[in-house]
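Architecture and fold: a report
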Amino acid sequence: MKIPMAKPDIGKEEMDAVKKVIKSGWIGQGEITKKFENELESYLGADTVAVNSGSSAIMCSLLALGVNSTSTVVVPSFTFLVTASIPKILGAKIIPVDMNKKTLNMDIDELEKIVKRKKVDVVIIVDVGGMPNDINKIKELSKKYNFTILEDAAEAF
């Protein structure tokens, strides 16, 4: 028997919303997307751009951060393949970090061991299943060891 990690829960409200987008004639842009971006921007208090996938979001973010063949990016060992493959496509060196068995997120103690030994440019954290990382501790490490945090919170939504 297979037990799905995160079986989608798609009801009438979600189906109606998808139909509304399709009927608008704008699948990836348009008024509905703009409204979503504006509401999310207001909620987060940050500039927001909607893209077609989490893969595109990671690619756009890493490009904006200037990640390239001279960069080192730390990624969690337990995540979707894209978390490591996108920085690799950009030529970055990838360092995986083991997961915390209780939260399934990156083990912060293991992260600290790595950033103590090596110069790291970006650490990508993933909120697995919507479980937030200990962002305060990761921010402390970021300040101490001078790396940028890229938080993939797609599953948190």
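Refer to the structure above for everything that follows.
Residues numbered from 1 in each chain as written. Predicted model: local features only at pLDDT ≥ 70, side-chain atom pairs only at ≥ 80, totals over all residues. Heavy atoms only, no water.

Some details on the overall build of the chain
When its secondary structure is counted, the chain shows six helices and four strands. From first element to last, N terminus to C terminus, the chain shows the α and β order α-α-α-β-α-β-α-β-α-β. When each of the 157 residues of the chain is scored for burial, the buried share is 29%. Intrachain contacts of the chain at a sequence separation of at least 6 include 54% that bridge at least 24 residues. For the chain, the accessible surface area stands at approximately 10900 Å², while carbon and sulfur atoms represent 56% of it. Side chains of the chain carry 21 positive and 21 negative charges; the gap between the two charge centres is 5 Å. (Helix = DSSP H or I, 4+ residues; strand = E, 2+ residues; numbered from the N terminus. Buried < 20%, exposed > 50% of the residue type's maximum accessible area, 1.4 Å probe, protein only. Contact = heavy atoms within 4.5 Å. Areas by Shrake-Rupley, 256 points an atom, 1.4 Å probe, with all protein chains shown as cover. Lys, Arg positive; Asp, Glu negative; His and termini not counted. Charge placed at Lys NZ, Arg CZ, Asp CG, Glu CD.)

With respect to the environment of Ser55
Within the secondary structure layout, Ser55 lies in helix 3 (residues 54-64). Linking Ser55 and Asn146, residues 91 residues apart in sequence, is a C-alpha distance of 25 Å. Those residues within four positions of Ser55 in sequence are excluded, and the remaining contacts are Val82 and Ile86.

Considering helix 1 (residues 12-24)
In this model helix 1 runs 18 Å from its N-terminal to its C-terminal C-alpha over 13 residues, within 8% of the 18 Å that 1.5 Å per residue would give. Looking one or two residues past helix 1, Gly25 carries a phi angle of roughly 85°, positive in sign. (Expected span 1.5 Å × (residues − 1).)

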